[in-house]
Amino acid sequence: MKNIAVIGAGTMGNGIAHTFAQSGFTVKLIDISETSLKKGIATISKNLDRMVAKEKISEADKAKALSNIITFTSIHEGVTSVDLVVEAATENVDLKLKIFKQLDETCSKETILATNTSSISITQIAAATSRPDKVIGMHFMNPVPIMKLVEIIRGYNTSDEVTKSIMDMSKTLGKVPVEVNDYPGFVANRILMPMINESIETLYNSVAGVNEIDTVMKLGMAHPMGPLQLADFIGLDVCLSILHVMYDGFKNPKYAPCPLLVNMVRAGKLGVKSGEGFYDYSESRKAEKVAKQFS
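Cut-off values and rules
Residues numbered from 1 in each chain as written. Predicted model: local features only at pLDDT ≥ 70, side-chain atom pairs only at ≥ 80, totals over all residues. Heavy atoms only, no water. Helix = DSSP H or I, 4+ residues; strand = E, 2+ residues; numbered from the N terminus. Rg over C-alpha atoms; globule rule 2.2 N^0.38 Å. Buried < 20%, exposed > 50% of the residue type's maximum accessible area, 1.4 Å probe, protein only. Core = buried A, V, L, I, M, F, W, Y, C linked by side-chain atoms within 4.5 Å. Contact = heavy atoms within 4.5 Å. Phe/Tyr/Trp six-rings, centres within 6.5 Å; stacked < 30°, edge-to-face > 60°. Lys NZ or Arg CZ within 6 Å of the ring centre and 35° of its normal. Axes fitted to C-alpha atoms, helices over the stretch in contact; angles between N-to-C directions. Parallel < 35°, antiparallel > 145°, perpendicular 65-115°, else oblique. Nonpolar A, V, L, I, M, F, W, Y, C, P; charged D, E, K, R; others polar. Polar contact = N/O pair within 3.5 Å; in protein donor to acceptor, adjacent residues only side chain to side chain. Pairing = 2+ DSSP bridges. Right-handed = clockwise from strand over helix to strand, strands pointing away. Salt bridge = Lys/Arg side-chain N within 4 Å of Asp/Glu carboxyl O.

Peer 1: Can you explain the overall build of the chain? Please cite residues and give values.
Peer 2: Counting its secondary structure elements, the chain contains 13 helices and 8 strands. In summary, the chain has a C-alpha radius of gyration of 20 Å against a globular reference of 19 Å for 295 residues, a match within 12%. By its C-alpha atoms, the chain is 55 × 50 × 30 Å across when sized along the principal axes. When burial is assessed residue by residue, the chain has 45% of its 295 residues classed as buried.

Peer 1: Account for the nonpolar core, with residues named and values stated.
Peer 2: By size, the foremost hydrophobic cluster in this structure holds 35 residues, and its most contacted members are Phe20, Leu84, Val86, Met138 and Phe140. Excluding residues within four positions of it along the chain, Phe20 makes contact with Ile4, Phe25, Val27, Leu84, Val86, Phe140, Met169 and Leu173. In this structure, Ile213, Cys258, Val262 and Met264 belong to the second largest nonpolar core, which totals 22 residues.

Peer 1: Which residues make up the packing of aromatic side chains, and what are the values?
Peer 2: Each aromatic ring pair is described using two quantities: the centre-to-centre distance and the angle formed by the ring planes. A complete count under the given rule lists 4 aromatic pairs for this structure. Between Phe20 and Phe140, the aromatic rings sit 6.5 Å apart at their centres with planes inclined by 70°, giving edge-to-face as the arrangement. Taken as a pair, Phe20 in helix H1 (residues 11-22) and Phe140 in strand S6 (residues 135-140) lie far apart in primary sequence, 120 residues in all. A single burial state applies to Phe20 and to Phe140, both of which are buried. Three or more aromatic residues joined by ring pairs form one cluster here, namely Phe20, Phe25 and Phe140. Note that Lys2 overlies the ring of Phe25, its terminal NZ or CZ placed 4.3 Å from the centroid.

Peer 1: Tell me what's going on with the packing of helix H10 (residues 227-234) against helix H11 (residues 236-250), and back it up with residues and numbers.
Peer 2: For the pair H10 and H11, interaxial distance at closest approach is 6 Å and the crossing angle is 95°. Between H10 and H11, the crossing angle belongs to the class labelled roughly perpendicular. On the side of H10, the interface is formed by Ala231, Asp232 and Ile234, while H11 contributes Leu236, Val238 and Cys239. Taken together, the residues that form the contact of H10 with H11 break down as 5 nonpolar, no polar and 1 charged.

Peer 1: So what about the side chain of Asn14? Which residues, and what values?
Peer 2: Along the chain, Asn14 falls in helix H1. In this structure the side chain of Asn14 is engaged in a polar contact, spanning 3.4 Å, whose partner is the backbone oxygen of Ala9. There is a polar contact of 2.7 Å between the side chain of Asn14 and the backbone oxygen of Gly10. Contact partners of Asn14, with chain neighbours within four places excluded, come to Gly8, Ala9, Gly40, Thr43 and Ile44.

Peer 1: Which residues make up the pairing of S6, and what values do they have?
Peer 2: Counting buried positions over the 6 residues of S6 gives 6, a clear majority of the element. Sheet analysis places strand S5 (residues 112-115) next to S6, joined by 3 bridges and oriented parallel. Looking at S6, one finds that Leu113 is bridged to Val135. Where S6 and strand S7 (residues 149-154) come together, 5 bridges link them in antiparallel fashion. Directly across from Met138, in S7, lies its bridge partner Ile152.

Peer 1: How would you summarise the pairing of S5 if you had to cite specific residues and measurements?
Peer 2: Looking along a regular strand, one sees the side chains alternate between the two faces of the sheet. What you see with S5 is no split at all: Ile112 and Ala114 on one side and Leu113 and Thr115 on the other are buried throughout. Pairing between strand S4 (residues 84-87) and S5: 4 bridges, direction parallel. Counterpart to Glu87 in the pairing with S5 is Thr115. As for the winding sense of the linkage, the β-α-β connection from S4 through helix H5 (residues 93-106) to S5 is right-handed.

Peer 1: Any chance you could break down the sheet that holds S5 for me, citing the residues and the numbers?
Peer 2: Judged by pairing direction, the sheet is mixed, and its 8 strands sit side by side in the order S3-S2-S1-S4-S5-S6-S7-S8 without closing on themselves. Two strands lie at the open edges of the sheet, namely strand S3 (69-72) and strand S8 (176-181), each paired on one side alone. Averaged over all neighbouring strand pairs, the angle between strand axes comes to 25°, with direction disregarded. By the bridge criterion, 4 bridges tie strand S1 (residues 3-7) to S4 in an arrangement that is parallel. Across the sheet, the residue bridging to Ile4 is Leu84, located in S4.

Peer 1: Summarise the environment of Lys101; cite the residues concerned and give the values.
Peer 2: By secondary structure assignment, the location of Lys101 is in helix H5. Remark: the alpha-carbon pair of Lys101 and Ile125, spanning 24 residues in sequence, is separated by 8.8 Å.

Peer 1: Outline the pattern of salt bridges, supporting the account with residue identities and numerical values.
Peer 2: Applying the stated criterion to the full structure yields 11 salt bridges. Residue Arg154 is joined to Asp160 by a salt bridge in which the shortest nitrogen-to-oxygen separation is 2.7 Å. You can call Arg154 buried: its relative accessible area is 17%. Note on Asp160: relative accessible area 55%, which makes it exposed. In the salt-bridge network here, residues are joined through shared partners; they are Glu87, Glu91 and Lys96.

The structure is reproduced here in structure tokens:
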């Protein structure tokens, strides 16, 4: 498999496209928004520049990787003659079902259809197609070019052959694939999201402040980033969505999202992408940090 299509040019989509392109695959990056595609390519170029600056790759490597990516605003045009499609659209079940139905109707019958979903049932997504044996989860971690783990999630009908081919392909990307079964949240988010939610509950109950909670987890548990800061980077809306999926799937109150998280999402405080979450990422805050460096 050398020809890949990636659906969605956002944070995860452009990271996945970057990773495949840098590994020598031909990548068709697809998004309905031309603006999103341009932003995605700019992000890939910027991230490659960082690698050049650190002498991890050469300028020629960067140029080759970028030349491996072609952009499209049409799924129908973008998925022709591809061996694998990796869907990385918004974490919305209705949208994913719609995309997979369209992919099933458009792609060759031999094309494997993968989703980067972090929580939604692979079996449910596969049921929207006529090829459930060729539908699988490839849950990359953010930032994709750096993080080694890929959760490979088998749906109820995913074949052994497809699972093996995706496990092998992930290794060619320099990743470490881990096979898991199809239950809400899989492994990563089934463990991570309750921890993040409990951290928010701890803040909500005034046990400690944001910095204090994150410091305890960083220094006491050797986490590279505190859970509240990590939630900001993931996106509080994404965290809320994943918790809803797990709560609906298990009907267990331990997965019920904290009221503080719900209210923050309602207020538009989504973390890094909105400029404010548990921490302030606004331009004025950035300027203040720069000023302190030179004071």
